[in-house]
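Listed below are the residues making up each chain.
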Amino acid sequence: MLKVKAIEKKIKFSKTDEGVWRYVMSPELYTPLSQAKVIKEAALRSGVSRGVMQACWDAAGEVIKAWATEGHSVALPGLGTMRFGLRSKAVEDVNDVKTSLISSRRIIFTPSVDLKDELKNTAIQITCYDRNGEEVKRVTSTSGEVEDTENSLTPDPSPNGEGSDNQGGGNGGNSGSGSNSGSQNQALTSPSINGNTSFAESTQVSMSGPDGAEIHYTTDGSTPTAESTLYSEAFTLTENTTVKAIAIKDGQSSEVATKYFYKSGNPGGGMDQN
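Draft legend 1. Inspection of the pairing of strand β6 (residues 124-129) at higher detail. As paired strands, strand β1 (residues 2-11) and β6 are joined by 6 bridges and run parallel to one another. Across the sheet, the residue bridging to Lys5 is Thr127, located in β6. Judged from the 6 bridges that link them, β6 and strand β7 (residues 135-141) form a sheet pairing that is antiparallel. When the bridges of β7 are listed, Ile124 appears paired with Ser141. Counting the residues that bridge the hairpin from β6 to β7 gives 5 residues, and of these Gly133 lies at a positive phi of roughly 85°.

Draft legend 2. The nonpolar core, seen in detail. Membership of the largest hydrophobic core comes to 13 residues, with the highest contact counts inside it found for Ile193, Met207, Phe235 and Phe261. The set of elements that each furnish at least two residues to this core consists of β11 (203-208), β12 (214-218), β14 (235-237), β15 (241-249) and β17 (257-263). Other than its neighbours up to four places away in sequence, Met207 contacts Ser192, Ile193, Asn194, Ile215, Tyr217, Tyr231, Phe235, Val243 and Ala245. Trp67, Ala68, Met82 and Tyr260 belong to the second largest nonpolar core, which has 7 residues in total.

Draft legend 3. View of the pattern of salt bridges. Applying the stated rule across the entire model yields 5 salt bridges. Measuring nitrogen to oxygen at the nearest pair gives 2.7 Å for the salt bridge that ties Arg131 to Glu8. Of the two residues, Arg131 sits in the loop between β6 and β7 while Glu8 sits in strand β1, which places them 123 residues apart along the sequence. Note on Glu8: relative accessible area 13%, which makes it buried. Across the salt bridge formed by Arg45 and Glu41, the nearest N and O atoms sit 2.9 Å from each other. Taken together, the residues Arg45 and Glu41, both in helix α1 (residues 35-46) and 4 residues apart, mark about one turn of the helix.

Draft legend 4. Local environment of the sheet that holds β6. Spatially, β2-β1-β6-β7 is the arrangement adopted by the 4 strands of the open sheet, whose pairing is mixed. The open sheet has two edge strands with one neighbour each: β2 (20-27) and β7. Looking at each pair of strands side by side, their axes are set apart by 25° on average, direction ignored.

Draft legend 5. Representation of the sheet that holds β11 within the structure. In space, the 3 strands of this open sheet follow the order β9-β11-β14, with antiparallel pairing throughout. Whereas interior strands pair on both sides, the edge strands pair on one side only; in this sheet they are β9 (192-194) and β14. Each adjacent strand pair in this sheet contributes to an overall mean axis angle of 30°, direction not counted. The sheet contact formed by β11 and β14 spans 3 bridges and is antiparallel. From the neighbouring strand, Gln204 faces β14, where its bridge partner is Thr236.

The rules behind these values
- Residues numbered from 1 in each chain as written.
- Predicted model: local features only at pLDDT ≥ 70, side-chain atom pairs only at ≥ 80, totals over all residues.
- Heavy atoms only, no water.
- Pairing = 2+ DSSP bridges.
- Helix = DSSP H or I, 4+ residues; strand = E, 2+ residues; numbered from the N terminus.
- Core = buried A, V, L, I, M, F, W, Y, C linked by side-chain atoms within 4.5 Å.
- Buried < 20%, exposed > 50% of the residue type's maximum accessible area, 1.4 Å probe, protein only.
- Contact = heavy atoms within 4.5 Å.
- Salt bridge = Lys/Arg side-chain N within 4 Å of Asp/Glu carboxyl O.
- Axes fitted to C-alpha atoms, helices over the stretch in contact; angles between N-to-C directions.

The following block contains the structure:
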């Protein structure tokens, strides 16, 4: 259960404003779980020794950091994907393009469908406290909408064009860092690659993307382009495979979506070796 508190506070909109009383919501404080505790629990559940789990944890962390800084959208097992992004100002003249146009660097996490469903079905409890600190009401909800980070990349309505969301990276090669690197007002959402990442014999892979967009994909680890295979229906994988896909609409390409599929007992064979 997600616990939230709503505390009655006086909100002022200016120094001379007397203010108004409003209930302001914020999450309850949770005890942070240490890395050691997480590794211990993961080792118990998997039957793997704690030392091996620690080594895997460290190795995965280094791989995620390395690939994310190259511009990849990196799969986080059981959670979703993470990528680096930029918010920048748009300019008309190419001679005005410079690094100072970048206003912020962001880490963008896109939850998996399973994680979204888990969050949607998690009960939320709101405890209300009045201005004197007394509990006055408690509300419980069993489900609700889940914000989709990828679909919330709406640009700021500022006249200078600030608000474009461009993928980080810039090391070149096969990182996919240039797939959406222009100063655009709104990013095209990357396609979703669906299927069981770990399988015994085979797995079905399906894809979905923005309305009206074509999805092009590769299964050899290379960065997809408009000339890559056009997705039309679900397909079957029987070997370790790296699937990459982009959405294309009105001449605009999304960032590269990446998902790794591997046979149980051989997780390394599907990794991209860029």
